[in-house]
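Letter by letter, the chains look like this.
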Amino acid sequence: MMMGFFRDHYSKFIIKKWVRGLVIILFIIYVGVSGIGLAQLEEGMKEENLYSDNSHIRKYFLMESQYFKRYLFRVQVVIKSPLNYSEPKMQERVGEILTALRNSSRFVAPDYSENWLQSFTNYVTRYKEYDDDYDISTEENFIRILRQDFLPDSIFETDVVFSDDGTQILASRYIIQLLNTYTSEDNLVAIVKLREVAAALEDVEVIIFNPWSAFVDQFILIRPMTIQLLSIAAAIVMVVAIIFIPNFVTSVCVLFTIASTELGVLGFMSLWGVRLDIVSIICLIMCIGFSVDFSAHVSYAYISSTGSAEERISKALYSLGLPILQGGISTIIGVLALVFVPSYIPSVFFKVTTLVIFCSSWHGLFVLPVLLLVITPETLVCKRGKFKIDQSVTLNPSHNPSLHFPETELPGSKDIS
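Residues numbered from 1 in each chain as written. Predicted model: local features only at pLDDT ≥ 70, side-chain atom pairs only at ≥ 80, totals over all residues. Heavy atoms only, no water.

J.: For this particular structure, what's the right way to read helix H11 (residues 309–335)?
T.: Every α-helix winds through 3.6 residues per turn, so residues three or four apart in the chain are directed the same way. For H11, built from 27 residues, the straight-helix expectation of 39 Å at 1.5 Å per residue is met to within 8% by its first-to-last C-alpha distance of 37 Å. Along its length, H11 reaches its greatest deviation from straightness, about 40 degrees, at Leu320, and the proline Pro323 lies no more than four positions downstream. (Helix = DSSP H or I, 4+ residues; strand = E, 2+ residues; numbered from the N terminus. Expected span 1.5 Å × (residues − 1). Bend = angle between axes of the 7 residues up to and from the residue.)

Here it is, written out as structure tokens:
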């Protein structure tokens, strides 16, 4: 009964010219809204989204984000190179490096840093007036006074790493404070700028780290990785479509619907509060599978049918309209249970899967049929008076009186069936 509805009623409805125009207008609106959502798409996984909604850790991160964003993160600057800090030029060079890091962006507080070297030299300057032994002009004296008099029980005790024999400083750590990083993008800019300054140094090896660095790496990789994965998947789908749907125009229509579906899912998931992170990327890859499943079957049924373009659409929708509807509804019912899980990750799976089904069904039942009717000719076997032999189509005029072709174009027989 439902299959008959798609053949006898829905297909006659979709081929009407005013309905085609309406679908095209709705598609333009769909692309526009998707573009607005895409422009607002946020990237990367937030710390609080790693935990369930009723987790105390999640509540802490949310409270921290709401009330303590002004001085949220401290950044560790590690100079890994073994240096002779007793040399005034080296002390000056370290000061220059730290100054460059503090001036790297507007998100670094210039006055809230911890510098053991500066504190130590100030300490020596004060006590040198009373004790002539406080001479740090040689590396040996520098390290001796540093280890014996300054570092013990100080806040810098763990900021200096010595060699096993205690005669050389192998690495040291400095602290700088981030300022006004109210959004994840602010954190990203601050850390990236610090890394750029550190990477430009040729004479010393400097490493930048803070607890948010893991999320920074995710932010940096998420967009190019998404583009790369979706492009590779789309290219593979295109090749497979050309192999199994032996018509280039129809294969391009399939690729177009896949790209449009991906655009819609990305745009609408942003408007629905879903970020572009590793969870949503997995769902987007799955999206290609759904969009291919619907559009490829409709396209193949269309190209394999006989008759005019309207008749082909009618037969394709008769065969696949109900399966597309059933597949979409059953998939949404299957993931509906995820709504009741108080966690970000299951919620993302539900939201993105729902959008995938909606966009794929929209393209399979509305956009693709109209696209095939608009782009393809009345029959796909006719072009400029010449005929391409399609084994799925009966070319015998007695079987299909609407087909008329010159006999010279089909040598060997006047009746191909």
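J.: Looking at this model, I keep getting lost on the confidence of the model for the protein. Mind explaining?
T.: In low-pLDDT segments, the atomic positions of the prediction should not be examined closely. Confidence along the protein averages 81 in pLDDT terms, with 89% of residues attaining 70 or more. For residues 379–417, every residue scores under 50 in pLDDT, and the model assigns this stretch 43 contacts once sequence neighbours within four places are set aside. (pLDDT = per-residue confidence, 0-100. Contact = heavy atoms within 4.5 Å.)

J.: What am I meant to see in the pairing of strand E1 (residues 74–79) here?
T.: Two faces make up the sheet, and in a regular strand the side chains alternate between them. Burial along E1 is one-sided: the residues Val75, Val77 and Ile79 are buried and none of Arg74, Gln76 and Val78 is. Both E1 and strand E4 (residues 169–178) contribute to a ladder of 6 bridges, which runs antiparallel. The partner of Val75 across the bridge, within E4, is Ile176. Note: E1 against strand E5 (residues 206–209), 4 bridges, orientation antiparallel. Each residue of the ladder has a partner; that of Val78, found in E5, is Ile207. (Buried < 20%, exposed > 50% of the residue type's maximum accessible area, 1.4 Å probe, protein only. Pairing = 2+ DSSP bridges.)

J.: Which parts of the structure should I look at to understand helix H1 (residues 2–14)?
T.: At Asp8, H1 shows its largest kink, close to 25 degrees. Considered for burial, the residues of H1 that qualify are Gly4, Phe6, Tyr10, Ser11 and Ile14. Summarising the contacts, the buried residues of H1 are in contact with helix H2 (17–39), H11 and helix H12 (344–375).

J.: How should I be thinking about the environment of Val124 in this particular structure?
T.: Take Val124: it is sitting in helix H5 (residues 116–128). In the structure, Val124 is positioned 22 residues away from Leu146 in sequence and 9.4 Å away in space, judged by C-alpha atoms. Apart from the residues within four sequence positions on either side, Val124 is in contact with Tyr134 and Ile136.

J.: Which parts of the structure should I look at to understand the packing of helix H10 (residues 278–304) against H12?
T.: Helix packing geometry: the angle between the two helix axes and the distance between the axes. Relative to each other, H10 and H12 sit at 25 degrees, their axes nearing to 9 Å. The angle between H10 and H12 places the two elements in the roughly parallel class. Classified by chirality, the crossing of H12 by H10 is right-handed. Classifying every residue of the contact of H10 with H12 by side-chain character gives 17 nonpolar, 8 polar and no charged. (Axes fitted to C-alpha atoms, helices over the stretch in contact; angles between N-to-C directions. Parallel < 35°, antiparallel > 145°, perpendicular 65-115°, else oblique. Left-handed = near helix turned anticlockwise from the far one by under 90°. Nonpolar A, V, L, I, M, F, W, Y, C, P; charged D, E, K, R; others polar.)

J.: Would you mind going over the packing of aromatic side chains with me for this structure?
T.: Two aromatic rings, taken as a pair, are described by how far apart their centres are and by the angle between their planes. Using the criterion set out here, one finds 19 aromatic pairs in the structure. When the centroid spacing of 6.5 Å and the interplanar angle of 40 degrees are considered together, the rings of Tyr10 and Phe13 count as tilted. Pair noted here: Tyr10 and Phe13 are both in helix H1, with a separation of 3 residues, about one helical turn. Since its relative accessible area comes to 33%, Phe13 is described here as partly exposed. Look at Tyr67 and Phe68: their rings are 6.5 Å apart centre to centre, the planes differ by 65 degrees, and that puts the pair in the edge-to-face class. As far as burial versus exposure is concerned, Tyr67 and Phe68 are alike and both exposed. Counting every residue linked through ring pairs, the aromatic cluster contains Tyr10, Phe13, Trp18, Phe27, Tyr30, Phe256, Phe268, Trp362 and Phe366. Over the ring of Phe162 we find Arg147, and its NZ or CZ is 4.8 Å from the ring centre. (Phe/Tyr/Trp six-rings, centres within 6.5 Å; stacked < 30°, edge-to-face > 60°. Lys NZ or Arg CZ within 6 Å of the ring centre and 35° of its normal.)

J.: How do you make sense of the pattern of salt bridges when you look at a structure like this?
T.: Oppositely charged side chains may form a pair once their charged atoms are brought near each other. Scanning the entire structure with this criterion turns up 9 salt bridges. A salt bridge links Glu42 to Arg275; the shortest N-O distance between them is 2.5 Å. You can see Glu42 sitting in the loop between H2 and helix H3 (56–67) and its partner Arg275 sitting in the loop between helix H9 (248–271) and H10, a full 233 residues away along the chain. Among the ionic pairs, Asp53 bridges to Arg58, the shortest N-O distance being 3.7 Å. Note on Asp53: relative accessible area 40%, which makes it partly exposed. Taken together, the salt bridges that share partners define one network made up of Arg93, Glu96 and Asp203. (Salt bridge = Lys/Arg side-chain N within 4 Å of Asp/Glu carboxyl O.)

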